[in-house]
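Commentary on secondary and tertiary structure
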Amino acid sequence: MLMMTKPRSSAHRSFRMLPVALAVGLACNYAIAQDAEQRADALRKDLATPESRIDVGAGVLSGGTRSFGLYNGMNQSIGYGSLDISLIKREEETGTWFRLNGRNLARDNRELRLEHERQGDWAYYVGSRHLTRNDPLQINTGLKGIGTDSLTVSAAAPRRNIQLAVEHDSFTAGLKKFIVGGFEVRLSFKQDEKSGDRLYGQGTPGTMNFLTEPLDRVTRQWELIAAYADPKLQLIGGYSGSSFENKLPSINVAGSIATLSPIAAPPSNQAHQFHLAGGYNFGDSGRSSFKLSRSVATQNSVFVVPPALPGNRETSPGGRVVTTLAYGDLSLRPTARLDLNAHLRFEDRDDQSKTAQYTAAAIPTATTALTTAGLTGINVPRSLKQLKGQLEAGYQLEDGYRLIGSLEQEQVQRNIPVQYRRVAYRERTDETQARVEIKRMLSETLNGGLAYIHSWRGGSDYVNDTYNQQTNQVNPLIWANRRREKLRLSADWIPEESWSVQFRGDASVDSYLGRNLGPRRGEGLLLSTDVAYQYSEKWKLSAWLVQERNLADQTTRSDVLAGTLGDNVIWRARLRNTTSAWGFGIKGRPTGALEVGAELGASADTAEHGIQRIGGTGTDPLNPSSLPTYAYHQVTFKLFADYALDRSSGLRADLMLDRRRNNDWTWQNFTYSDGTTVTIPERQNVVFIGASYHYRWR
Amino acid sequence: MSYLNPLPGASALQRTRLAQLFCHWFLALLLAFPLAGTVAAGENKKSVAKDILRVGDARCTRCHNDVSDDEIENYPVLPIGRTKHGTVADSRTPTCVACHGESESHLKQIGTERPLPERPFGKKAASDPKVNNKACMACHEGDKLMHWAGSLHSRRDVPCSGCHQIHAAQDKATTRTLVVAMCISCHTEKRAQISRPYRHPVVEGSMVCIDCHNPHGSAGPKMMVKDSVNETCYTCHMDYRGPFLWSHPAVRQDCSLCHNPHGSTVSGLLKMRAPFLCQQCHEPANHRGNFPGLDNTKSYTPGASGLTQARACMNCHTNLHGGSNPGPANSSTRFRR
């Protein structure tokens, strides 16, 4: 029968087979698709689930490590371990987080923090940190008693090399609780213990002694905060307290300059502040915020020695400064094109410290000048009031232009110490600043802005110093009459999705007017460019360049003819600091499992002093332009490769080359009176090679 | 040799028919797989359209699911699930549309190019950042952002998304090890300063920009975290708070008059080497106007050269931040003991 059957075409047979095959194919495909879907689901879940990670590794450091190891705990040419952990767990049902973050746990700059939080309900945390600052200076000294508050200077003592270090041990803790209705309370505490020694000194003309400042100090800060927030009104306020405890309040020095011992170390002190801040939204785009605070800082540490003036029975200074702050700002958008902002800030630091005569000196009367030494022996509280206000408007013009204009006024008021001055003093300074800026969205890919800032500082008349006429010729930097012009240009260019270029340029000129000594002129120039380029999906490149130049031009006078007001030798310093820095980075993923990156950066700082005599009639025996240019260069190259062993783990290798050069002459050819010498290595080249293993889990 | 003949005993005709049958099945399967694949893909679409993180997010995550589209992987959205914003149990956390808007035109693609969402962020964001920032401020106003509206960053049109990466598992702006790199991408001059020989431990990440500055604005100058520059410095350097018996006015006014906290080539983070720094304010009487020079005599007699070596002026005036020694005036009031 089969032979009788009319033969059918292959296509027909295929068609007849199709439904069956389709069913089979569908079943297979569905199974495959379901499997793929399950994997995709798992991946999506992974992506949305907090991830924990641990990194364990080791590395070797070699070379001159003093500057390199300033803070990173690697200041010796030895092997180092590395351990970082980030343990994060979240209970999805309750939104409860558990986080344990540890960084550099095997090193001297380790940090550990534990947080437990039910998001939107309560949270608490504890943390600790250890940080060592290794002073890069190499010191050869015979000073005895380092590490204590009793030092003995001895030129005869055998000298040895020492390296100073300061250690910080911090502890933090805090908790917060959300209460119904938008209320929240927070409590925090932080303690920082500082110990070790740092460079110090003691001197009188002809004798300079190297000393160390022993540190055994504790800083504590605590805060109780209550906050409220709803869509219209937000408030936050509370109490903040802090204390500083110095367990070594004096430094006793034996063996030299007996008149300068003991030296009073920073005294223990404390401060308490109550504060309230708030914000209110009105209309669609109006907002106002404020802050009010009142602080009381006191210092009543027992004097390290009795007052020099017989009859003064004070045992502590009775220091007390009350600071009041009031701040408010208002932001409005009256039309879609206009933005307005105004803010006002008032700060009053009222120094209410007790005053008394502590040392023997005649007190000037209303008609007599200061004493011949210019000293009265009476302590001088320093009060300061600052009032600053600003108005700013921004208007959106046609064609994408935006115009911004602002006016700022600042007034600083100081109390006038009639008893003792060593600088030209003025009671009040006023500074007015006007700023105009035009910004434009030049195209969808280019934005730019140009700003011009002009400011003028003046103030009340200088207080005339009847004792020292030279004081009346100085224009002190901090309150001199000053005119400042500044121009700022910025541009962001994103030619295409893969490119971005950012440019910024600042140029400023300060002119100091009035008196003939002190700062005369200042100049600043900053040019910087950042470029980022996404070469492909796998490779990214970046580069940056910064050039910064600052000039301070100032004059003073060498007092060859001591005590007279003759011309003497007037000299000028044109202090020019230049920083040039650039960097280049590349990061990519040549294969799915391998990620690599490299960074090369370099910076150069120079300081020129430009000292020259510009006038006067006196004869100066020394060459006034003998100060060499200071230069500091640093080049750093970093390379890493991270290879994923699987989805959870990987290996990482790091290589770093760090090269520093300087000609810091600060300590060159200088020997302390007891023979102590200090040096900074001129060249420091460091190589670090490290490898680590990391594992991630959810 | 049977392995050479898969059907031993079958006739040539039978073998031909078997071969045909095999070919038909093969062809049918070849046709069926794409078809079945299409059907299965349709099933996939239905299953992808499940909510992933929270109720209602399927309208977005059916496309933005980070796994089905290579392009999307460049802008992953699901890692938001690892963050506080993705903590579903917290009823305050937003949905996609709460931040991005309903975005109906984006959902219904018309033409070849898909319109942007109603409120895109990042490079494609609206030209007026304040519009986008509103989406964030709707929840985050108050607390550390209390003074945002009047802050310099807000007034200079910095968008929240200019710093924050809301969808990233680790937001650069709130991760201590990443925040410095983010800040210096705009504040470029700081990049070189933080590597200078005298500096704070910023490069190491032990101290970062947001320890001193609140980028969201504050009641203090320069967006300091405390009410003034000095109050901010005192949080670590409380040693210099005093109040001292003998005060140095410049120190009381503003630490940054003498120090550059971002880094310096001069020891102590000074803005300028002494004696130049001191000579900017002090009158030149006695030794104070001397020429700076490399001189080891330590005499400091009027008109001599020197004052520059070692700690320069601070060789003698060791307690420049203020002193509390009530001893003899010559040494105490001039910060020498």
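Preceding this section is the structure that the text describes.
A brief structural summary. Bear in mind the structure is a predicted one, so any value in this text is a computation, not a measurement. (Residues numbered from 1 in each chain as written. Chains lettered and ligands numbered in written order. Predicted model: local features only at pLDDT ≥ 70, side-chain atom pairs only at ≥ 80, totals over all residues.)

The helix and strand inventory of chain B stands at 15 helices and two strands. The proportion of buried residues among the 337 residues of chain B is 46%. In chain B, once contacts between residues fewer than 6 apart in sequence are set aside, the share between residues at least 24 apart is 42%. (Helix = DSSP H or I, 4+ residues; strand = E, 2+ residues; numbered from the N terminus. Buried ≥ 20, exposed ≤ 12 C-beta atoms within 10 Å, placed from the backbone. Contact = placed C-beta atoms within 7 Å.)

Turning to the sheet that holds strand E6 (residues 138-141) of chain A, a few remarks are in order. Residues and elements named next belong to chain A. Strand order in this open sheet of three strands is E8-E6-E34, and the pairing throughout is antiparallel. Both outer strands of the open sheet, strand E8 (160-162) and strand E34 (677-679), are each paired with one neighbouring strand and no more. Averaged over neighbouring strand pairs, the angle between their axes works out to 25° when direction is ignored. Note: E6 against E8, three bridges, orientation antiparallel. Following the sheet pairing, Asn140 is matched in E8 by Asn161. (Pairing = 2+ DSSP bridges. Axes fitted to C-alpha atoms, helices over the stretch in contact; angles between N-to-C directions.)

In this section: the interface of chain A and chain B. Counting residues at the interface gives 155 residues for chain A and 124 residues for chain B. Of all the elements, helix H1 (residues 10-47) of chain A adds the most residues to the side of chain A that touches chain B, at 18 residues. Taken together, the residues that form the side of chain A that touches chain B break down as 74 nonpolar, 55 polar and 26 charged. (Nonpolar A, V, L, I, M, F, W, Y, C, P; charged D, E, K, R; others polar.)

This paragraph deals with unusual backbone geometry. Residue and element names in this part refer to chain B. Of the consecutive residues Gly242 and Pro243, the connecting peptide bond is found in the cis state with omega at -5°. Mapped onto the secondary structure, Pro243 falls in the loop between helix H12 (229-234) and helix H13 (249-253). Cis geometry marks the peptide bond from Ala274 to Pro275, where omega comes out at 15°. Inspection of the secondary structure assignment puts Pro275 in the loop between H13 and helix H14 (276-279). Positive phi, normally seen in glycine, also occurs at Ala312, with a value near 55°. Examined against the element boundaries, Ala312 turns out to sit in the loop between strand E2 (305-307) and helix H15 (329-332). Note on Ala312: 22 C-beta atoms within 10 Å, which makes it buried. Even without a glycine there, the phi angle at Phe335 is positive, about 60°. One can find Phe335 in the segment after H15. Its 23 C-beta neighbours within 10 Å are what place Phe335 among the buried residues.

For the rest of this paragraph, the subject is the sheet that holds strand E14 (residues 263-264) of chain A. All names here are of chain A. Taken together, three strands build an open sheet; the order of strands is E7-E13-E14 and the sheet is mixed. Either end of the sheet is taken by a strand with one partner, and the two such strands are strand E7 (150-152) and E14. Of the pairings in the sheet, the one linking E7 to strand E13 (residues 250-254) comprises three bridges and is parallel in character. Following the sheet pairing, Thr152 is matched in E13 by Ala254.

Looking now at the pairing of strand E25 (residues 481-493) of chain A. Residues and elements named next belong to chain A. Examined bridge by bridge, strand E23 (residues 446-459) and E25 share 12 bridges and lie antiparallel to one another. Pairing of Ala451 across the sheet is with Arg488, part of E25. With 13 bridges joining them, E25 and strand E26 (residues 499-513) adopt antiparallel strand pairing. Directly across from Leu489, in E26, lies its bridge partner Gly505. Between the antiparallel neighbours E25 and E26 lie five residues.

Further remarks concern the nonpolar core. Ranked by size, the top nonpolar core spans 48 residues in total, and within it Leu211 and Val253 of chain A together with Ala274 of chain B carry the most contacts. Residue assignment for this core shows that the elements contributing at least two residues are strand E11 (207-229), E13, E14 and strand E29 (569-588) of chain A together with H13 and H14 of chain B. Contact partners of Ala274 of chain B, with chain neighbours within four places excluded, come to Ala312, Cys313 and Met314 of chain B. Ala227 and Phe290 of chain A together with Met146 and Ala219 of chain B belong to the second-largest nonpolar core, a separate cluster that totals 13 residues. (Core = buried A, V, L, I, M, F, W, Y, C linked by C-beta atoms within 7 Å.)

For helix H6 (residues 129-140) of chain B, spanning 12 residues, the distance from its first C-alpha to its last is 16 Å, which sits close to the expected 16 Å at 1.5 Å a residue. Phi turns positive, to about 100°, at Gly142 of chain B, one or two residues after H6 of chain B. (Expected span 1.5 Å × (residues − 1).)

Residue and element names in this part refer to chain A. Within the secondary structure layout, Glu537 lies in the loop between strand E27 (518-534) and strand E28 (539-558). Among the residues examined, Glu537 registers 13 C-beta atoms within 10 Å and is labelled partly exposed. Spatially, the C-alpha atoms of Glu537 and Gly389 are 50 Å apart, while their sequence positions differ by 148 residues.

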